Every structure is written in structure tokens, then in C-alpha cells.
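Descriptive structure summary
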Amino acid sequence: MDLPEGLRRLWGLLNQRAPTYLVGGCLRDSLLGQTPQDYDLATALPPEQVTEAAAGLHVVPTGIRYGTVTVHTPLPVEVTTLRSDGRYSDRRHPDAVAFTDRVEADLARRDFTVNAMALGYDGNLTDPFGGRRDLRARVIRAVGDPAERFLEDPLRIWRAVRFLSQLEDRTGRAWHLEGATSAAITRHRAETCEVSEERVRDELLRLLMCRSRAGLAAAVESRLLFIAIPELAALHGFAQRHPQHDSDVLVHTLRVVGEVEATPVLRLAALLHDVAKPECVLWLDGVTHFYGHDRLGAKMAEGILRRLRLPGEVVDRVVGLVSNHMFPWTEAGPKGYRRLRAEVGVDGLRELVALHVADVRGSRAAVARWELPAAVAARVEEVLAEPPEVIRLAVNGRDIMAAFGLQPGPEVGRLLAAAQEWVWEDPARNEHQTIVEHLRPLVREDV
Ligand code: ATP
Ligand code: MG
């Protein structure tokens, strides 16, 4: 096996003192012929002795209570002392961890068979649960009784669907949930409420970033997705009678997620862009319309993302995209484009175009290869090329108060907004005196 030099050296150092194994995702990925993202070692040495053995290297005690230290070799390697877990009464941390020198006991506390193998320094593979068999068959199977294991730590339910997509991405072939594991996911999905929002968020993001849609499909089929985001449940089976759509809102949504580039902001925006459609439906002449679902959807998305504890910057960007995803790209003139750029920013405008293309492609099979019309692309580039100072208003609130003898208040804001609209229409107007003369007849004397 092709291992980084620093890892090899550390492994040898530890193994001289006590049996030390390569475990977890790196072993799984190596057996799949993939380059691992990070490496984990499991050792019979207690953490203090790991630190001692790694003298001279940078060692960080990342989870000393559970016997984990991270050694920078310089590549960070997590070294965990072999342990068996006791009961999990808080649904996350075992009440007691007992260090052990039996690697099988350590493997028994791991989540899935493909993650529960250990490679000894001598090259011997310990595989008590049939991990290699499941790797070959591309099966995600819980170690032991799936229901019990999911109740111990319900995050494993999310991990199962995440691995479904991630392993398909890595191997290029479909993976499956073993029957009892799949049944336990459906049965115990609501237990994921007990898991902290942050842990669910991290798994959901990792799932969304995958190319494969298998994990999301499984999260829909088991209704796990609707435990994390109940607002999406109403989209499931919600028919759209419209010549531009050939699927229900949720199927469309998942297609858009798959179409759009894999960044957290774009994937989240795709997932939530139509969340308000069921609230906004209006039937006219046998056709469904969803007036206002963009603005209401933005409000709903904000609530959902805050609840999932996404960083404020991500929330703002996603909300801006959802709110503007119905922008009339072909009808809008320069003023509309400038207003849009002012609202979402340069990066936001590029993201919004990407979301729009994915949204159209995801609406009907017939337009799966749709491209942005050249005229729209040209208008986007034009507004992006415009230096910001061209439309940055040449007057501020103080100028307006001075020009019209006003006190601070809503009238000043109203006049500023009117001035901005007028300048967006034609940037040549963006000059102090020109703006003041334009505003003069608009000033309300009575406020
Ligand atoms: P990735 O490719 O995402 O890093 P991974 O399998 O390495 O996948 P990690 O979260 O890095 O996932 O965990 C390392 C190993 O620790 C897993 O392979 C698994 O054996 C074990 N593990 C991690 N989280 C859990 C959990 N919640 N329950 C049981 N075992 C777990
Ligand atoms: Mg890992």
C-alpha cells in the first residue's frame, strides 16, 4: 500500500511499543484503490505514551477523553487508543470508554462494516464483520444490530446516506443500503432530532456536495430529509401543472441540486429555492402559478439555515439567491440588472446565473442541455464590467437634508431610494446637482 512517508514512520514508531493498526476511512478508501483524504491509526498504547513515542513531532490532544491525539507528520494523523464503548445515554458520547488491547472490540464500536476493518503493521487485515465482502458488493451495512447502533448515535443514520453518495462518487458505481440497515434508517429517522444541529448540518453539507444523488434520494425515500428540514416535506408529490415543468416540486428541486456546481452556497440555494411553492400555489385556467414564492422562500430559507446553524455569511448569500431566483432575465433592462447587482453583489450575480441555468435544466427533460441565451449572458457581463462608482450614488443622506432643509427620518430614505432608482436607469445622471434638481419636485413638505 502506498502510504505517506511520515505516516509510515509514525506507524512504525508506535508499533514498536504496542500493536498499532491503520483503521477507518483511509483503509476503506485504500482497499477501493482510492487515495485517502486523511489517515487514522488505532493503537494499544495509551494517549500519553503516543505523545511520548511521537516526541519531536507536533502533537495535539484533540480528544484526550476518548484517547485521541493528532500527530502532524506533517500530514495530520489521528491516533486513537483502542477502546470499547459503554452505553450511550446522551446519544452522542459513550458514558464510559474502556481502553482495550483487542482490536476486534474497537472495530465493534464503529459504524459500518466497510469502516470496521484494521490493517496490522505486519500487513494482516482484521475484518470481523465482512467489510471486504461489503466493499466488493458495494453495500453499506451497520456493524451489529442497525437499530441498536442508530439509537446509540443517530448521526450514523446521516452518515449512512452520506456514504451512499460519497462512495458512489469515489468508485463511479452505485452503492446500496443493506436491507435491515435501510429499514432501521426509516424506522428511526426521527431520532436524528436528538443530534446537535451542527453535526447534522455537517453531514447534510457533505451529502449535498456529492455528485451522486443516491444519498439524497435515500434521505427522501426514508423521509430522513424531512426530519432535518420539515419545510421540504410539502414539496414531495406536489404537482406542478405547467408547460415548463414535467415533475413535482421535490423531484425538480433534486434535479437542480444535481445540476448546479458543488459549492455549499449553490447547493443549499438549489435545495431551498422552491421551498415556498406549496404555500404560494394559485390555480389559473388549469395551470399552477407560484407568485411570490421567491420572496417567501427567502424568508423560509433564512429560518431553515439559521436553525441548522449555518454561518451568517452563507445564510445571507443563499437568501439573496432564493429571493432573486425568479429575476426576469430576458425582460429586465439595465436598471433591473443594476438593481440586482447592487442587491446580490458581483459573486452573487454569477451564482444567481448558475442557479438559473440549473433551474431551467431541471424543469423538463427536454431542456436538460439548455444554455443561457447569449443576449442575457452579454447583459450580465455588461453590468459586471461596470465600475461600482458609476452607480454609487453621488449624494448621501446629509446632502439631501442640507439641500431640502430636512430632519433625519424616513423621508430622507425615501428620497435616497428614488435617487438610486433614477441613477440605475441612466448612470449619466449620477451627479450631485442633477440629482438634487430631480428630487426637488418629489420632496414632501408635510413630513
Ligand atoms: P471520510 O472519508 O468522510 O473521512 P471516514 O470513514 O474516515 O470517512 P470519519 O468521520 O473520519 O469517517 O471517521 C473515521 C472512522 O471512525 C470511521 O471510518 C468509523 O470507523 C469511525 N466513526 C466515525 N464516526 C463514527 C460514528 N458516529 N459512529 C461509529 N463509528 C464512527
Ligand atoms: Mg476520515
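Residues numbered from 1 in each chain as written. Chains lettered and ligands numbered in written order. Predicted model: local features only at pLDDT ≥ 70, side-chain atom pairs only at ≥ 80, totals over all residues. Heavy atoms only, no water.

Considering the overall build of the protein chain
For clarity, the threshold we go by: In DSSP terms, a helix is any run of H or I states spanning at least four residues, a strand is any run of E spanning at least two, and both are numbered starting from the N terminus. Our radius of gyration looks at C-alpha atoms and nothing else; its globule reference is 2.2 Å times the residue count to the power 0.38. Here's how the labels work: a residue is buried when its accessible area is under 20% of the maximum for its type, exposed when over 50%, partly exposed in between, all with a 1.4 Å probe on protein chains only. When checking whether two residues touch, look at their non-hydrogen atoms; a contact exists if any pair is within 4.5 Å. For the purpose of charge, His is not counted, nor are the chain termini; Lys and Arg are scored as positive and Asp and Glu as negative. Where a charge sits is defined by one atom per residue type, namely NZ (Lys), CZ (Arg), CG (Asp) or CD (Glu).
If you tally the helices and strands in the protein chain, you get 21 helices and 13 strands. In terms of overall size, the protein chain is more extended than a compact globule, its C-alpha atoms giving a radius of gyration of 28 Å where 447 residues would be expected to give roughly 22 Å. Along the three orthogonal principal directions, the C-alpha set of the protein chain runs to about 85 × 55 × 40 Å. Expressed as a percentage of the 447 residues in the protein chain, the buried residues total 50%. Contacts in the protein chain between residues far apart in sequence, at least 24 positions, make up 63% of those at least 6 positions apart. Side chains of the protein chain carry 56 positive and 63 negative charges; the gap between the two charge centres is 3 Å.

Description of the packing of aromatic side chains
Quick note on the threshold: Two rings belonging to Phe, Tyr or Trp (six-membered ring only in the last case) form a pair when the distance between their centres is within 6.5 Å. Interplanar angles under 30 degrees mark stacking, angles over 60 mark edge-to-face geometry, and anything in between is tilted.
In total, this model carries 5 aromatic pairs according to the counting rule given. With centroids separated by 5.1 Å and ring planes inclined at 90°, the aromatic side chains of Phe-327 and Tyr-337 adopt a geometry described as edge-to-face. Here the residue Phe-327 occupies a position in the loop between helix 16 (312-323) and helix 17 (334-361), and Tyr-337 occupies one in helix 17, the gap between them amounting to 10 residues. The residues Phe-327 and Tyr-337 share a single accessibility class, namely buried. By the ring-pair criterion, three or more aromatic residues cluster together here, those being Phe-327, Trp-329 and Tyr-337.

Here we look at the site of ligand 1
Which entries qualify depends on this criterion: By convention in these notes, a residue is near a molecule or strand provided one of its non-hydrogen atoms lies within 4 Å of it. N or O atoms within 3.5 Å of each other form a polar contact, as long as, within protein, one can give a hydrogen and the other can take it, and as long as residues adjacent in sequence are counted only when both atoms are side-chain atoms. Where accessible areas are quoted, they stem from the Shrake-Rupley method and a 1.4 Å probe; at the residue level, only the protein chains shown are allowed to cover.
For ligand 1, the set of nearby residues contains 17 residues, the closest of which are Arg-28, Asp-153, Arg-156, Arg-162 and Arg-206. Interatomic distance of 2.6 Å between a side-chain N/O atom of Arg-156 and a nitrogen atom of ligand 1. The side chain of Arg-159 places a nitrogen or oxygen atom 3.0 Å from an oxygen atom of ligand 1. Protein chains shield 83% of the accessible area of ligand 1, which is 580 Å² for the free molecule. Residue assignment for the shell around ligand 1 shows that the elements contributing at least two residues are helix 2 (25-31) and helix 7 (155-171). Per-element tally for the shell around ligand 1: the top contributor is helix 7, with 6 residues.

Description of the nonpolar core
Rule in force here: The criterion is simple. A nonpolar core is a set of buried Ala, Val, Leu, Ile, Met, Phe, Trp, Tyr and Cys residues joined through side-chain atoms within 4.5 Å. Boundaries of every domain are those given by an automatic assignment or by a domain database.
If you look at the biggest cluster of nonpolar residues, it comprises 101 residues, and the most contacted ones within it are Trp-158 and Trp-329. Counting contributing residues, this core receives three or more from each of domain 1 (5-130) and domain 2 (262-386). When near neighbours in sequence (up to four residues on either side) are disregarded, Trp-158 contacts Thr-192, Val-200, Glu-203, Leu-204, Leu-207, Leu-224, Leu-225 and Ala-228. Core analysis: the second largest hydrophobic core is formed by 14 residues, Ile-400, Val-412, Leu-415 and Val-443 among them.

Examining helix 9 (residues 197-208)
Residues spaced three or four apart along an α-helix point in a common direction, a consequence of the helix completing one turn every 3.6 residues. We apply this condition: The span expected for a helix works out to 1.5 Å for each residue beyond the first.
The terminal C-alpha atoms of helix 9, which comprises 12 residues, lie 16 Å apart, in line with the 16 Å expected from a rise of 1.5 Å per residue. If you check which residues of helix 9 are buried, you get Arg-199, Val-200, Arg-201, Glu-203, Leu-204, Leu-205, Leu-207 and Leu-208. Packed against the buried residues of helix 9 are helix 7, helix 10 (214-221), helix 11 (225-228), helix 12 (249-259) and helix 13 (264-272).

A look at the domain arrangement of the protein chain
According to the domain assignment, the protein chain consists of domain 1 (5-130), domain 2 (262-386) and domain 3 (391-442). Each of domain 1 and domain 3 has a C-alpha centre, and the two are 65 Å apart.

Here's the deal with the pairing of strand 2 (residues 39-43)
Rule in force here: The pairing criterion is simple: DSSP has to find at least two bridges between the two strands.
Burial runs high along strand 2: 5 of the 5 residues are buried. Of the two faces of strand 2, the one lined by Tyr-39, Leu-41 and Thr-43 and the one lined by Asp-40 and Ala-42 are each fully buried. Pairing between strand 1 (residues 20-23) and strand 2: 4 bridges, direction antiparallel. Residue pairing for strand 2: Thr-20 is matched across the bridge by Thr-43. The sheet contact formed by strand 2 and strand 5 (residues 76-81) spans 5 bridges and is parallel. In the sheet register, Leu-41 faces strand 5, and the bridge partner there is Val-79.

Brief notes about the pattern of salt bridges
As a reminder, the rule being used: Any carboxyl oxygen of Asp or Glu that lies within 4 Å of a side-chain nitrogen of Lys or Arg is treated as forming a salt bridge with it.
Summed over the entire model, instances satisfying the criterion amount to 31 salt bridges. For the salt bridge of Arg-350 with Glu-381, the shortest nitrogen-to-oxygen distance reads 3.1 Å. A residue pair is termed long-range when its members are at least 10 positions apart, and Arg-350 in helix 17 and Glu-381 in helix 18 (residues 374-385) qualify at 31 residues. Where salt bridges share partners, they join Lys-335, Arg-339, Glu-421, Glu-425 and Arg-429 into one cluster.

Describing the sheet that holds strand 5
Selection rule: Fitting a line to C-alpha atoms yields each axis, with helices limited to the stretch in contact; the angle taken between N-to-C directions then spans 0 to 180 degrees.
Spatial ordering of the open sheet is given by 3-4-5-2-1-8-9, a layout of 7 strands whose pairing is mixed. Among the strands making up the open sheet, the edge pair consists of strand 3 (58-63) and strand 9 (125-126). Against the sheet, helix 1 (residues 5-17) touches strand 1, strand 2, strand 4 (68-72), strand 5 and strand 8 (118-120), its axis set at about 140° to strand 1.

Some words on the packing of helix 15 (residues 293-307) against helix 16
Cut-off, in case you're wondering: Every angle not falling under 35 degrees, over 145, or within 65 to 115 is termed oblique; those three ranges are roughly parallel, roughly antiparallel and roughly perpendicular. Each crossing gets its handedness from the near helix: less than a right angle anticlockwise from the far helix is left-handed, clockwise is right-handed. Residues are grouped as follows: Ala, Val, Leu, Ile, Met, Phe, Trp, Tyr, Cys and Pro are nonpolar; Asp, Glu, Lys and Arg are charged; every other residue, Gly included, is polar.
Direction vectors running N to C along helix 15 and helix 16 enclose 160°, while the axes themselves pass 8 Å from each other. Our classification of the angle between helix 15 and helix 16 gives roughly antiparallel. Crossing angle aside, the handedness with which helix 15 passes helix 16 is right-handed. Judged by residue contacts, Asp-294, Arg-295, Gly-297, Ala-298, Ala-301, Glu-302, Leu-305 and Arg-306 of helix 15 engage Val-315, Asp-316, Val-318, Val-319, Val-322 and Ser-323 from helix 16. Counted by class, the contact of helix 15 with helix 16 contains 7 nonpolar, 2 polar and 5 charged residues.

Observations regarding unusual backbone geometry
Pro-74 follows Thr-73 through a cis peptide bond whose omega is 10°. With respect to the helices, strands and loops of the structure, Pro-74 is situated in the loop between strand 4 and strand 5. We note that Arg-309 has phi near 60°; this positive angle belongs to a residue other than glycine. As for its position among the elements, Arg-309 is in the loop between helix 15 and helix 16.

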